[in-house]
Amino acid sequence: SAVISQKPSRDICQRGTSLTIQCQVDSQVTMMFWYRQQPGQSLTLIATANQGSEATYESGFVIDKFPISRPNLTFSTLTVSNMSPEDSSIYLCSVVLAGGRNEQFFGPGTRLTVL
Amino acid sequence: GNSVTQMEGPVTLSEEAFLTINCTYTATGYPSLFWYVQYPGEGLQLLLKATKADDKGSNKGFEATYRKETTSFHLEKGSVQVSDSAVYFCALSRTTDSWGKFQFGAGTQVVVTP
């Protein structure tokens with residue numbers, strides 16, 4: 001497995017502001033993903049974070065709203081821009097470890113509340 | 001497209017009862033199947049997995065068997081504890097055209113009472 005950390009663990013933000021969430025992994029990974037978990041719901045994939053290039057977004061998510069960076073193999077950031085109360089969710093990063101095994105490991109999540 | 005259907009919760013049980021959470025899937029090809037658990041206030045943890053038909057995944061007393069003929073991956077535990085109270089997610093992953101992408105079910109909340 002791997003140790004995956006996310007910062008911040010939680011935050012309360014004002015409408016119209018932006019928040020950047022960091023994800024750091026202690027092992028080599030091949031893939032990194034960002035998910036959103038709205039209150040009481042399942043996980044929805046936002047995007048695949050690609051090292052050194054633009055992220056690949058799922059339907060319904062756009063780069064202007066959720067810019068993502070991945071400057072190296074073990075670190076990625078997700079920014080939630082121009083926030084509204086509808087963005088209140090848990091945001092999770094996940095990774096697939098180098099070695100080819102098709103498993104995803106999740107970070108502890110960032111609980112975001114937008115007022 | 002791919003989809004995962006889980007039984008709705010909450011499922012409320014007494015300690016030492018038998019737990020079953022149904023999960024069925026729709027996918028082309030041969031996906032890998034997973035169960036994840038989310039304890040209150042925490043992230044998701046991989047509970048068990050199976051990568052091919054008739055495989056049985058097991059961990060912490062939980063078991064699930066990959067049934068291709070019924071496209072199912074039901075989770076079972078013979079004797080639950082209060083500490084098993086959590087939300088359980090069934091998921092599938094394709095390994096071909098959408099490698100690494102997971103499709104999650106809606107989650108089933110399990111509440112175990114003393």
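Everything numeric in this text was worked out from a predicted model, so none of it was measured. As a convention, each chain's residues are numbered from 1 in the sequence order in which they are written. Note on labels: chains are lettered from A, ligands numbered from 1, in written order. Side-chain atom pairs in this predicted model are given and counted only at pLDDT of 80 or more, local residue features only at pLDDT of at least 70, and totals for whole chains, interfaces and linings cover all residues. Remark: hydrogens and water are excluded; side-chain values derive from all non-hydrogen atoms of the structure.

A. Structural context of the overall build of chain B. Counting its regular elements, chain B contains zero helices and 12 strands. Only DSSP runs of H or I reaching four residues or more are called helices, and only runs of E reaching two or more are called strands; each is numbered from the N terminus. Along chain B, from the amino end to the carboxyl end, the secondary structure elements read β-β-β-β-β-β-β-β-β-β-β-β. When its C-alpha atoms are laid out on the principal axes, chain B stretches across 45 × 30 × 20 Å. Relative accessible area decides the class of each residue, using a 1.4 Å probe on protein chains only: under 20% of the type maximum gives buried, over 50% gives exposed, and in between gives partly exposed. Per-residue burial over chain B gives 45% buried out of 114 residues. Here, residues are in contact when the closest pair of their heavy atoms is within 4.5 Å. Taking the contacts inside chain B whose residues are at least 6 apart along the sequence as the reference set, 56% of them involve residues at least 24 apart. If you sum the accessible surface of chain B, you get close to 5,300 Å²; carbon and sulfur atoms cover 48% of it. Of the side-chain charges in chain B, 9 are positive and 11 negative, and the distance between the mean point of each set is 9 Å. Using a 1.4 Å probe, accessible areas were evaluated by the Shrake-Rupley method; residue-level cover was limited to the displayed protein chains. Within this scheme the basic residues Lys and Arg register as positive and the acidic residues Asp and Glu register as negative, but His and the chain ends are omitted. Taken as the charge centre is NZ of Lys, CZ of Arg, CG of Asp or CD of Glu, depending on the residue.

B. Representation of the overall build of chain A. Tallying secondary structure elements over chain A gives zero helices and 11 strands in all. Helices and strands in chain A line up, N terminus first, as β-β-β-β-β-β-β-β-β-β-β. Taking 13 Å as the expected radius of gyration for a compact globule of 115 residues, we find that chain A reaches 13 Å, a close match to that expectation. Summarising its shape, the C-alpha atoms of chain A cover approximately 40 × 25 × 20 Å along the three principal directions. Out of the 115 residues belonging to chain A, those deemed buried represent 52%. Considering only residue pairs separated by 6 or more positions, chain A has 55% of its internal contacts joining residues 24 or more positions apart. When we talk radius of gyration, it's over C-alpha atoms, and the globule rule is simply 2.2 Å times the number of residues to the 0.38.

C. Region of interest: the sheet that holds strand β3 (residues 19–21) of chain B. All names here are of chain B. Each pair of strands is called paired provided DSSP finds at least two bridges between the two strands. Taken in spatial order, the four strands of this open sheet run β3-β9-β8-β7, and their pairing is antiparallel. Looking at the sheet topology across the chains shown, the edges are occupied by β3 and β7 (56–59). Averaged over all adjacent pairs, the angle separating strand axes in this sheet is 15°, with direction ignored. Alignment of β7 against strand β8 (residues 62–65), held across four bridges, turns out to be antiparallel. Following the sheet pairing, K56 is matched in β8 by T65. Axis definition: a line fit to C-alpha positions, over the contact stretch in the case of helices; interaxial angles, taken between N-to-C directions, run 0 to 180 degrees.

D. Fine view of the interface of chain A and chain B. Contact residues are listed per partner, giving 22 residues for chain A and 21 residues for chain B. Joining two parts hides part of their accessible area as seen by a 1.4 Å probe, and the buried area is that hidden amount summed over both. Taking both partners together, chain A and chain B bury about 1,600 Å²; carbon and sulfur atoms supply 56% of that area. The largest per-residue losses of area from chain A upon contact with chain B belong to N102(A), Q104(A) and F106(A), which jointly make up 34% of the total buried on that side. We define a salt bridge as a side-chain nitrogen of Lys or Arg found within 4 Å of a carboxyl oxygen belonging to Asp or Glu. Scanning the region where chain A abuts chain B turns up zero salt bridges. Here a polar contact means two N or O atoms within 3.5 Å. Within protein one must be a hydrogen donor candidate and the other an acceptor candidate, and residues neighboring in sequence count only if both atoms are side-chain atoms. Linking chain A with chain B are three residue pairs in polar contact (both at pLDDT 80 or more).

E. The pattern of salt bridges, seen in detail. Residues and elements named next belong to chain B. Scanning all chains against the criterion turns up four salt bridges over all chains. With a closest N to O distance of 3.6 Å, K56 and E63 form a salt bridge. Residue D84 pairs with K77 through a salt bridge whose shortest N-O separation is 2.8 Å.

F. Geometry of the state of the cysteines. Residues and elements named next belong to chain A. For the purposes of this analysis, a disulfide is any pair of cysteine sulfur atoms at a distance within 2.5 Å. Using the criterion set out here, one finds two disulfides over all chains in the structure. The disulfide that involves C23 links it to C93, with 2.0 Å between the sulfurs. Taking the sign of the S-S torsion, about 70° here, the bridge from C23 to C93 comes out right-handed. Separated by 70 residues along the polypeptide, C23 in strand β3 (residues 19–25) and C93 in strand β9 (residues 89–97) bring together distant segments of the chain. With a relative accessible area of 0%, C23 lands in the buried category.

G. Broad picture of the layout of surface pockets. A pocket here means an open set of points on a 1 Å grid, computed over the protein atoms alone, that has protein on both sides within 12 Å along at least five of seven lines. A cavity is instead a set of points where a 1.4 Å probe fits but cannot get out; residues with an atom within 4 Å of a point line either one. Grid points are joined across faces, edges and corners, and a volume is the space filled by probe spheres set on the points. The volume enclosed by the largest pocket comes to roughly 470 Å³. Lining the largest pocket are 26 residues, with Q37(A), G40(A), Q41(A), Q38(B) and V87(B) sitting closest to its centre. For the lining of the largest pocket, the elements supplying multiple residues, two or more each, are β9 and β11 (110–114) of chain A together with β10 (86–93) and β12 (108–113) of chain B. Its residues placed into classes, the lining of the largest pocket shows 10 nonpolar, 14 polar and two charged. Each residue is assigned to one class: nonpolar for Ala, Val, Leu, Ile, Met, Phe, Trp, Tyr, Cys and Pro, charged for Asp, Glu, Lys and Arg, and polar for all the others, Gly among them.

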